[in-house]
Amino acid sequence: MWRLRRAAVACEVCQSLVKHSSGTKGNLPLQKLHLVSRSISHSHCPTLKLQRPQVKTSFQQFSSLTNLPLRKLKLSPVKYGYQPRRNFWPARLAARLLRLRYLILGSAVGGGYTAKKTFDQWRDMIPDLSDYKWIIPDIVWEIDEYIDFEKIQKALPNSEDLAKLAPDLDKIVESLSLLKDFFTTGSPGETAFRATDHGSESGDKHYRKVSDKEKIDQLQEELLHTQLKYQRILERLEKENKELRKLVLQKDDKGIHHRKLKKSLIDMYSEVLDVLSDYDASYNTQDHLPRVVVVGDQSAGKTSVLEMIAQARIFPRGSGEMMTRSPVKVTLSEGPHHVALFKDSSREFDLTKEEDLAALRHEIELRMRKNVKEGCTVSPETISLNVKGPGLQRMVLVDLPGVINTVTSGMAPDTKETIFSISKAYMQNPNAIILCIQDGSVDAERSIVTDLVSQMDPHGRRTIFVLTKVDLAEKNVASPNRIQQIIEGKLFPMKALGYFAVVTGKGNSSESIEAIREYEEEFFQNSKLLKTSMLKAHQVTTRNLSLAVSDCFWKMVRESVEQQADSFKATRFNLETEWKNNYPRLRELDRNELFEKAKNEILDEVISLSQVTPKHWEEILQQTLWERVSTHVIENIYLPAAQTMNSGTFNTTVDIKLKQWTDKQLPNKAVEVAWETLQEEFSRFMTEPKGKEHDDIFDKLKEAVKEESIKRHKWNDFAEDSLRVIQHNALEDRSISDKQQWDAAIYFMEEALQARLKDTENAIENMIGPDWKKRWMHWKNRTQEQCVHNETKNELEKMLKCNEEHPAYLASDEITTVRKNLESRGVDVDPGLIKDTWHQVYRRHFLKTALHHCNLCRRGFYYYQRHFIDSELECNDVILFWRIQRMLAITANTLRQQLTNTEVRRLEKNVKEVLEDFAEDADKKVKLLTGKRVQLAEDLKKVREIQEKLDAFIEALHQEK
């Protein structure tokens, strides 16, 4: 019996060793088994098959101890030979010792294999982090330049010293095995292996089914935890990387480390896009460079996604109201501080301060309102904004107005079509990355933007689909599979390069970006969408979306930028050839340079106004002022006073009328004359040709500057008051000092009266028709009315010949006499016609008499000095005209002083202001400086600028590689 028992034990040991070493190639040879096991025949138990049950676990604990090398076990040599049967206790002792040795050896081999298998499983579970090398800053790769690793290595202790401090793991394993052997009950084979009950096959099947289900659940749970674990590790690394890059960029600003390539690369690219926008605002011809175009339905969460990517709440927002009214180009780049600034402004907004954030949102809203023209709701003009900060992904995004389905009250009728045209203009760019935003909380069938994106990118080669508000969608949607269908693009026919799901907050506009990020991560950690594998871990969170968009953006930039540079080189060559053929002797001046040249010419012409001689100013002013007031002086002052036929009455009437004229009309009329004279001189300098140097391309600009400057100019308000006093004093003076002034007054009076006499004769000629000479020479006839006037004139002239001193007015009996005389000759007239004819006839008679009297007064200066004592000649009318002439001269002198001392300078100031306003108004310059020459020079300059910036960007891009 003891022999059978020993044989069974030995057989069990052999079977255990064979089973335990099944992972190795081949089986243990029989010679290496124990002597007892080898010598005993196994035919005693042919059906005995002891098997170790396979432990089904879904997760194996990983321990760093399994990676340590095991020491080779030194087995004590065994002397083979025949042992007497009666000395069985030594054999039993040897068998126990051998069993302990084989247990240790089997445990070591099996543990090593298990550790290797566990390590391989963990290694396969670790994702490939080669694509995330960019997370580690460049300073880590260059850390050996700043840290002396040799000194650190010398300072550390040797590996042998560290090994002495570590415990002997082999001895610990042996001690544990011995303790297990002593404290284990049952047969020796059961201490190491668990026997399988062959009698209960049904129970084994049930156990196996339960284990498979639990294994699947446990693997899914562990996979989710592993993904979240690595996500947290990635977030921690990104945070550390952000801090490191912030420190490095701060050192860059201080000049400690000159590494500005990566920081400025996206800025260079953004400048290229800005120049292209100015070159071709339609984005349809040459501008095929990549940009990320953000499109979506109104209130779909476009702005929130952009703010999460920019890590700041920079856009104005409203509940259900259209806030994005014009495209906003956001250039994201790295920087030591989180700031934002506009392209055309030097002010920096600190995005870490709520005051600056509010000011930035207000500024964006003001710029949008400024871009939107009257009668419109949206505008195609782009607002350029740069956002810098540590850890930001470098890219260029364009936020477009939300696509609407219905035009509501308060919107322009063409708002829907305008938004569609703006969106299509940006998405038609074959290299534009379309970021399609879909609201996950509403039905996908209600989306409009998906159809628009499908038209622009039917194959989905440059579209990234983003489902927002997933938290609301998961809460409200009854079938979670619907979200999976939306993400996979199965719900509607829209293909995309990638699909992402994000959470844009809890709907509170006061939430911070950090709070939204924490809420988003917490939601996806507990979301059924990840637990049930409807969504992959790389398809969720805004951080993963930002990384994917940035990678896609730079890939397209590298693929397209050199091709665009080549196309602009060809365009530049064509433009330069056209310029040389059409304008070989002219410089290539663009619109701004031409404006500066015209500005200098205009300012030179304004300055030339101050070089006009005083004599020229006074002559023009005096002549123009007399032309304006001569009619009033003759008709309202001189003739009424002279027709009184009394010297005292004449002087009294003249004084009264001159006083009234000076108080009410004369100063204002003089200022008007001076202002018109200044305008005429200014226009003459602006418009007169300059000979061969004259360039007609500036004519429209000069005319516009002249009109706007004159429109803005206002004469000094105090000029009339001072001028009134001067004119009144001048007209009060009656003393003619010398004969020369007397003769000048007579000459001035004769010219005035002769001009009036000529006008009167023309009026009479028009009244009575042509005389006999013109009728015979030019074959003209008088009308019936002219014949009546002629007969009336002849009758009135007869009356004047009879009484040359007849007063200015006809008496009623005289009118009756003239009428009867005409009726006797068959001419029927009315009293009104007689009076009108008398007025012109008497006026001509009076003017001829006055001219004769003026001729008589030439020798009257002597009598004037004696105050006309003992003389029948009184020349009061000559004194009146001398007073008028002197007033004109003094007024002209006063106005000339005001012009040269004040008004010319004020006009020059107005011209400068107008030029400055025109310089800031690009539309004004385009309207005023036109022509093929201007447009060709403008295109040539922009193409050169674009090519230079593209070349610099390509060079920087190659250096970054």
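Residues numbered from 1 in each chain as written. Predicted model: local features only at pLDDT ≥ 70, side-chain atom pairs only at ≥ 80, totals over all residues. Heavy atoms only, no water.

Chemist: Where do I start with the overall build of the chain in this structure?
Modeler: Along the backbone of the chain there are 34 helices and nine strands. For the chain, the residues scored as buried account for 42% of the 961 residues in total. A separation of at least 24 residues holds for 80% of the contacts in the chain among residues at least 6 apart in sequence. In the structure as shown, the chain presents an accessible area of about 55,500 Å², 51% of it carried by carbon and sulfur atoms. (Helix = DSSP H or I, 4+ residues; strand = E, 2+ residues; numbered from the N terminus. Buried < 20%, exposed > 50% of the residue type's maximum accessible area, 1.4 Å probe, protein only. Contact = heavy atoms within 4.5 Å. Areas by Shrake-Rupley, 256 points an atom, 1.4 Å probe, with all protein chains shown as cover.)

Chemist: What's the story with the sheet that holds strand β3 (residues 339–342) in this structure? I'm lost.
Modeler: Within a sheet, adjacent strands bond to each other through the backbone by hydrogen bonds, running parallel or antiparallel. In space, the nine strands of this open sheet follow the order β4-β3-β5-β2-β6-β1-β7-β8-β9, with mixed pairing throughout. Pairing within the sheet leaves two strands with one partner each, and these edge strands are β4 (349–350) and β9 (498–501). Pairing between strand β1 (residues 292–296) and strand β6 (residues 395–399): three bridges, direction parallel. Considered in β6, the bridge of V292 is made with L397. Sitting on the sheet, helix α12 (residues 354–371) is in contact with β2 (328–333), β3, β4 and β5 (383–388), with an inclination near 160° to β5. (Pairing = 2+ DSSP bridges. Axes fitted to C-alpha atoms, helices over the stretch in contact; angles between N-to-C directions.)

Chemist: Would you mind going over the pairing of β5 with me for this structure?
Modeler: Among the six residues that make up β5, five are buried, leaving the element largely enclosed by the rest of the structure. As judged from the six bridges shared by β2 and β5, these two strands associate in the parallel manner. Bridge pairing links V328 to I383 in β5. Pairing of β3 with β5 involves four bridges; the strand directions are antiparallel. Its bridge partner being in β5, A340 is matched across the sheet by V387.

Chemist: What is the right way to read the pattern of salt bridges from this model?
Modeler: All told, the structure shown has 39 salt bridges when counted by the stated rule. Among the salt bridges present, the one from K941 reaches D590, with a minimum N-O distance of 2.6 Å. Highlighted residues: K941 in helix α34 (residues 932–960) and D590 in the loop between α19 (542–582) and α20 (591–607), separated in sequence by 351 residues. For D590, a relative accessible area of 1% corresponds to the buried category. Ionic contacts of the salt-bridge type, sharing partners, join the residues R572, E576, E588 and R944 into one network. (Salt bridge = Lys/Arg side-chain N within 4 Å of Asp/Glu carboxyl O.)

Chemist: Honestly, a negative patch on the surface in this entry has me stumped. Any pointers?
Modeler: A cluster of acidic side chains, namely E381, E913, E916, E920, D921 and D923, defines a negative patch on the protein surface. No other element matches the three residues that helix α32 (residues 876–920) contributes to the negative patch. As for its placement among the helices and strands, D921 is situated in the loop between α32 and α33 (922–928). For D921, a relative accessible area of 31% corresponds to the partly exposed category. (Patch = residues over 30% accessible without salt bridge, like charges linked within 9 Å, V, L, I, M, F, W, Y side chains within 5 Å. Lys, Arg positive; Asp, Glu negative; His and termini not counted. Charge placed at Lys NZ, Arg CZ, Asp CG, Glu CD.)

Chemist: Can you walk me through the packing of helix α26 (residues 739–768) against α32 in this structure?
Modeler: Between α26 and α32, whose axes approach to 8 Å, the crossing angle comes to 95°. Looking at the two axes, α26 sits roughly perpendicular to α32. Contacts between α26 and α32 involve Q741, W742, A744, A745, I746, F748, M749 and A752 from the first element and D877, V878, I879, F881, W882, I884, Q885 and L888 from the second. For the contact of α26 with α32, the class distribution of residues is 13 nonpolar, two polar and one charged. (Parallel < 35°, antiparallel > 145°, perpendicular 65-115°, else oblique. Nonpolar A, V, L, I, M, F, W, Y, C, P; charged D, E, K, R; others polar.)

Chemist: Can you walk me through the packing of aromatic side chains in this structure?
Modeler: To describe a pair of aromatic rings, one takes the distance between the centres and the angle between the planes. Taken as a whole, this structure holds 18 aromatic pairs when the rule is applied. Plain terms: the ring middles of F553 and W554 are 5.3 Å apart, the flat faces sit at 75° to each other, and that makes the pair edge-to-face. Arranged with centres 6.3 Å apart and planes meeting at 25°, the rings of Y842 and F846 form a pair that is stacked. Of the two residues, Y842 and F846 are both situated in helix α30 (residues 831–856); the distance of four residues between them amounts to about one turn of the helix. Taking the relative accessible area as the measure of exposure, Y842 reaches 4% and is therefore buried. Here a set of aromatic residues connected by ring pairs shows up, and it is made of W626, Y638, F748, W838, Y842, F846 and F881. Positioned over the ring face of F685 is R684, at 4.6 Å from the centre of the ring. (Phe/Tyr/Trp six-rings, centres within 6.5 Å; stacked < 30°, edge-to-face > 60°. Lys NZ or Arg CZ within 6 Å of the ring centre and 35° of its normal.)

Chemist: Please clarify how a positive patch on the surface should be interpreted in this entry.
Modeler: Judged by side-chain charge, K700, K711, K924 and K927 come together as a positively charged surface patch. Residue assignment for the positive patch shows that the elements contributing at least two residues are α24 (699–712) and α33. With respect to the secondary-structure elements, K927 resides in helix α33. By relative accessible area, K927 is classed as exposed at 58%.

Chemist: Can you walk me through the state of the cysteines in this structure?
Modeler: Working definition: the covalent bond between the sulfur atoms of two cysteines is a disulfide. Summed over all chains, the structure comprises one disulfide. In this model, C857 is linked to C875 through a disulfide, with the two sulfur atoms separated by 2.0 Å. Where C857 bonds to C875 through sulfur, the torsion about that S-S bond is close to -100°, and the disulfide is left-handed. With a gap of 18 residues between them, C857 in the loop between α30 and α31 (861–865) and C875 in the loop between α31 and α32 connect regions that are remote in the sequence. Exposure class is identical for C857 and C875. Each is buried. (Disulfide = S-S within 2.5 Å.)

Chemist: For this particular structure, what's the right way to read the packing of helix α21 (residues 614–642) against α32?
Modeler: Geometrically, a packed helix pair is captured by the angle between its two axes and the distance between the axes. Between α21 and α32, the least distance of the axes is 8 Å, while the angle of their chain directions is 140°. Taken together, the axis directions place α21 and α32 in an arrangement best described as oblique. Crossing angle aside, the handedness with which α21 passes α32 is right-handed. (Left-handed = near helix turned anticlockwise from the far one by under 90°.)

Chemist: I would appreciate a short explanation of the nonpolar core in the present structure.
Modeler: Nonpolar side chains tend to gather and get buried jointly when the protein is soluble and globular. Of all hydrophobic cores here, the largest spans 100 residues; its most connected members are Y638, W661, W742 and I884. Of the residues forming this core, the biggest block, 17 residues, is contributed by α32. Not counting the four nearest positions on each side in its chain, I884 is found in contact with W626, V633, L658, W661, L731 and F748. Grouped together as the second largest cluster of nonpolar side chains are 66 residues, L392, W554, F568 and F953 included. (Core = buried A, V, L, I, M, F, W, Y, C linked by side-chain atoms within 4.5 Å.)

Chemist: Is there a simple way to explain the side chain of E521 in this structure?
Modeler: As for its placement among the helices and strands, E521 is situated in helix α17 (residues 513–526). For E521, a relative accessible area of 18% translates into the label buried. Engagement of the side chain of E521 in a polar contact is seen with the side chain of R543, the distance being 3.3 Å. (Polar contact = N/O pair within 3.5 Å; in protein donor to acceptor, adjacent residues only side chain to side chain.)

Chemist: How should I be thinking about the pairing of β9 in this particular structure?
Modeler: Here is the key point about a regular strand: its side chains alternate between the two faces of the sheet. Burial along β9 is two-sided: the residues G498 and F500 and Y499 and A501 are all buried. Relative to β9, strand β8 (residues 463–468) runs parallel, the two sharing four bridges. Note on β9: the bridge partner recorded for I464 is G498.

Chemist: I would appreciate a short explanation of unusual backbone geometry in the present structure.
Modeler: Of note, the phi angle at Q311 is positive, near 60°, even though the residue is not glycine. Secondary-structure assignment places Q311 in the loop between α11 (302–310) and β2. Unlike most non-glycine residues, K469 shows phi in positive territory, near 55°. Tracing the chain through its elements places K469 in the loop between β8 and α15 (470–476).

Chemist: What's the story with a nonpolar patch on the surface in this structure? I'm lost.
Modeler: A cluster of nonpolar side chains, W772, W776 and M777, forms an exposed patch at the surface whose accessible area comes to about 490 Å². Along the chain, M777 turns up in helix α27 (residues 772–778). By relative accessible area, which is 60% here, M777 ends up exposed.

Chemist: So what exactly am I meant to see when it comes to the environment of L895 here?
Modeler: Mapped onto the fold, L895 is located in helix α32. In this structure, the C-alpha to C-alpha distance between L895 and W675, residues 220 residues apart in sequence, is 9.4 Å. If near-sequence neighbours (up to four positions away) are discounted, L895 is found in contact with L621, A670, A674 and L723.

Chemist: Teacher, can you tell me more about α32 here?
Modeler: Residues lying three or four places apart along an α-helix face the same way, a consequence of the helix completing one turn every 3.6 residues. In this model, α32 (45 residues) spans 62 Å end to end at C-alpha, consistent with the 66 Å of a helix rising 1.5 Å per residue. Its maximal kink placed at L899, α32 deviates by approximately 45°. (Expected span 1.5 Å × (residues − 1). Bend = angle between axes of the 7 residues up to and from the residue.)

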